[in-house]
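# Descriptive analysis of the structure
Chain residues, written in single-letter form:
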Amino acid sequence: MSYSTADSLLPVTLDDVRGAQKMLSGVARVTALEGSRHLSHMVGAPVHLKCENLQRTGSFKLRGAYVRIAGLLPEERAAGVVAASAGNHAQGVALASALLGVRSTVFMPKGAPLPKVSATRDYGAEVRLHGQVVDETLAAAQEYAAETGAVFIHPFDHPDVIAGQGTVGLEILEQCPEARTIVVGIGGGGLAAGIAVSVKALRPDMKIIGVQAAGAAAYPPSLAAGRPVSVGNPATMADGIKVGRPGDVPFGIVGELVDEVRTVSEDELSAALLLCLERAKLVVEPAGASPVAALLSRPGSFEGPVVAVLSGGNVDPVLMQRVLRHGMAAQGRYLAVRLRLTDRPGALATLLGVLSVVDANVLDVSHVRTDPRLGLTEAEVELHLETKGPAHCAEVGQALREAGYTVMG
């Protein structure tokens with residue numbers, strides 16, 4: 001069964017998405033759909049990963065940015081475009097503008113990762129660093145647009161952007177027509193809205209589940225209120241979905257067509273990123289790993305086959321290192337312990353010998369000898385250990401206690 005949304009009250013229709021797909025031919029890649037045996041085993045049904053992390057610029061954002069800019073009038077193109085972003089949208093706008101011969105200016109927070117700033121410049125945009133958070137950067141970009149006449153390219157709150165993102169849904173239907181559920185991360189809602197429009201028009205039986213980081217989950221209270229509401233001080237490592245308020249345009253679509261919106265914790269995001277790297281051999285940013293985090297959170301609650309959309313892979317190496325360690329800790333594969341020992345030659349070697357017997361890999365060791373809490377002959381040692389899981393962590397702790405050490409944390 002299929003139907004057209006052309007006569008619906010939605011601001012984006014299936015015809016709009018199909019038009020965007022034609023426009024993006026030769027511009028955006030048809031990204032791979034990869035099966036995951038590990039996730040399939042966990043979920044109890046086939047699970048496929050839609051690899052938008054392998055898209056040009058490293059995320060799906062190129063799709064919507066290109067469609068939006070390509071649709072500008074000649075006089076609007078002549079005035080140039082401006083955008084505000086911490087990374088993915090910035091790169092999408094920069095490349096789309098370069099391909100279309102349009103001048104672009106991109107405002108980015110002062111703390112934006114250097115690789116993302118450099119990539120945006122390399123794609124041809126003029127980058128201006130302003131503000132500490134995206135809201136301040138957004139205000140600066142809108143002020144620039146008002147002063148110069150440049151067209152502001154919103155990351156998600158425009159029908160053309162949503163139509164471009166919806167092409168991901170058409171590709172999923174072509175690559176996996178037997179799919180029953182699509183899981184997709186939600187920030188402002190542009191990607192989820194676009195996928196919902198294209199997929200529900202052709203497969204109204206398909207379930208679409210949105211995922212937000214618990215610390216930046218504006219959609220659940222907004223859907224409950226029936227209107228977009230703001231979440232103060234959104235906090236999550238997943239900067240790609242760290243949005244304090246749903247977009248007005250995508251909100252109406254998500255409310256009508258998305259079946260459910262779930263939240264995931266920071267620990268679940270870390271574990272998902274680690275799983276993508278280890279099991280799927282895919283570099284994915286925390287926002288892109290949010291659908292996998294949802295699968296890990298409630299694996300038995302999805303009707304398969306399932307497609308999880310990996311929306312982006314632009315992760316800062318410093319953040320990657322921190323997140324991987326956090327993910328290892330969440331899985332019980334990283335253990336930090338503090339203990340006291342007698343400050344004498346060979347004491348540390350004895351301690352390390354105990355750890356060697358139980359096969360715990362020592363990553364870092366730090367000493368404290370001058371704390372007033374310590375006795376004259378005492379030293380405090382903090383150890384960061386790589387372990388094999390929760391059971392191994394318990395074994396390490398037991399071995400230390402049996403050797404006479406008092407484990408403090």
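Predicted, not measured: the structure shown is a model, and the values here were computed from it.

### A few points about the packing of aromatic side chains
Applying the stated criterion across every chain, the model contains 2 aromatic pairs. Lying across the ring of F302, R262 places its NZ or CZ 4.5 Å from the centre.

### Let's talk about unusual backbone geometry
Between G304 and P305 the backbone carries a cis peptide bond, its omega angle lying at 0°. Of note in this structure, T57 is not a glycine but carries a positive phi near 70°. Owing to a relative accessible area of 6%, T57 belongs among the buried residues under this scheme.

### A word on the sheet that holds strand 13 (residues 378-386)
Taken together, the 3 strands give an open sheet; going across it, the order is 11-13-12, and neighbouring strands pair in antiparallel fashion. Each end of this open sheet is capped by a strand with a single partner; those strands are strand 11 (334-342) and strand 12 (361-368). Mean inter-strand twist for the sheet, computed between neighbouring axes without regard to direction, equals 20°. Each of strand 11, strand 12 and strand 13 touches helix 16 (residues 347-357); the most contacted strand, strand 13, lies at about 30° to it.

### Quick notes on the sheet that holds strand 6 (residues 151-152)
Adjacent strands of a sheet pair through backbone hydrogen bonds, lying either parallel or antiparallel. On the basis of which strands lie adjacent, the open sheet formed by 4 strands has the order 5-4-3-6 and parallel pairing. What marks the edges here is a single partner per strand, and that holds for strand 5 (126-129) and strand 6. As paired strands, strand 3 (residues 81-84) and strand 4 (residues 104-108) are joined by 4 bridges and run parallel to one another. Across the sheet, residue V81 finds its bridge partner in strand 4, namely S104.

### Focus on the state of the cysteines
The final tally for this structure, using the stated rule, is 0 disulfides. No disulfide involves C176; its sulfur sits 13 Å from that of C51, the nearest cysteine. A residue is classified by how much of its surface remains accessible, and C176, at 1% relative accessible area, is buried. Considering cysteine sulfurs only, C51 is the nearest to C276, which forms no disulfide, with 8.8 Å between them. With relative accessibility at 1%, the residue C276 sits in the buried group.

### Digging into the side chain of T31
Among the structural elements, T31 can be located in the loop between helix 1 (14-24) and strand 1 (33-35). The buried category is assigned to T31, whose relative accessible area is 3%. If we skip the residues at most four places from it in the chain, T31 touches K50, C51, E52, L54, Q55, R63, E171 and Q175.

### Examining the nonpolar core
Counting residues in each nonpolar core, the largest one holds 55 residues, and the members touching the most others are I69, V81, I182, I195, I253 and V309. Top contributing element to this core by residue count: helix 10 (residues 190-202), with 8 residues. With 39 residues, the next largest nonpolar core counts C51, A238, L274 and A294 among its residues.

### A short note on the confidence of the model for the protein chain
When pLDDT is averaged along the protein chain, the result is 91; 96% of the residues meet or exceed 70. Contacts for the low-pLDDT stretch residues 1-7, under 50 throughout, to residues beyond four places or in other chains number 16 contacts.

Procedures and definitions
- The numbers attached to residues start from 1 for each chain and follow its sequence in the written order.
- Restriction of local features to residues with pLDDT of at least 70 applies here, the model being predicted, together with a cutoff of 80 or more for giving and counting side-chain atom pairs; totals for whole chains, interfaces and linings are based on all residues.
- Side-chain measures were taken over the full set of non-hydrogen atoms in the model, leaving aside hydrogen atoms and water.
- The criterion for an aromatic pair is that two Phe, Tyr or Trp rings (for Trp, the six-membered ring) have centres within 6.5 Å, with stacked assigned to planes under 30 degrees apart, edge-to-face to planes over 60 apart and tilted to the rest.
- Note on criteria: charge over ring means Lys NZ or Arg CZ within 6 Å of the ring centre, with the direction from the centre no more than 35 degrees off the ring normal.
- Exposed residues in this analysis have more than 50% of their type's maximum accessible area, buried residues have under 20%, and partly exposed residues fall in between, with area computed by a 1.4 Å probe over protein chains only.
- The pairing criterion for strands is at least two bridges between them, as found by DSSP.
- Starting at the N terminus, helices and strands are each numbered in turn, a helix being any DSSP run of H or I of at least four residues and a strand any DSSP run of E of at least two.
- Axes, fitted as lines to C-alpha atoms, cover a helix only where it is in contact. Angles between the N-to-C directions of the axes lie from 0 to 180 degrees.
- Any two residues whose heavy atoms approach within 4.5 Å at even a single point are treated as in contact.
- Disulfides are defined as pairs of cysteine sulfur atoms found within 2.5 Å of each other.
- Here, the term nonpolar core denotes a set of buried Ala, Val, Leu, Ile, Met, Phe, Trp, Tyr and Cys residues that are joined through side-chain atoms within 4.5 Å.
- The predictor attaches a confidence to each residue, called pLDDT, with possible values from 0 through 100.

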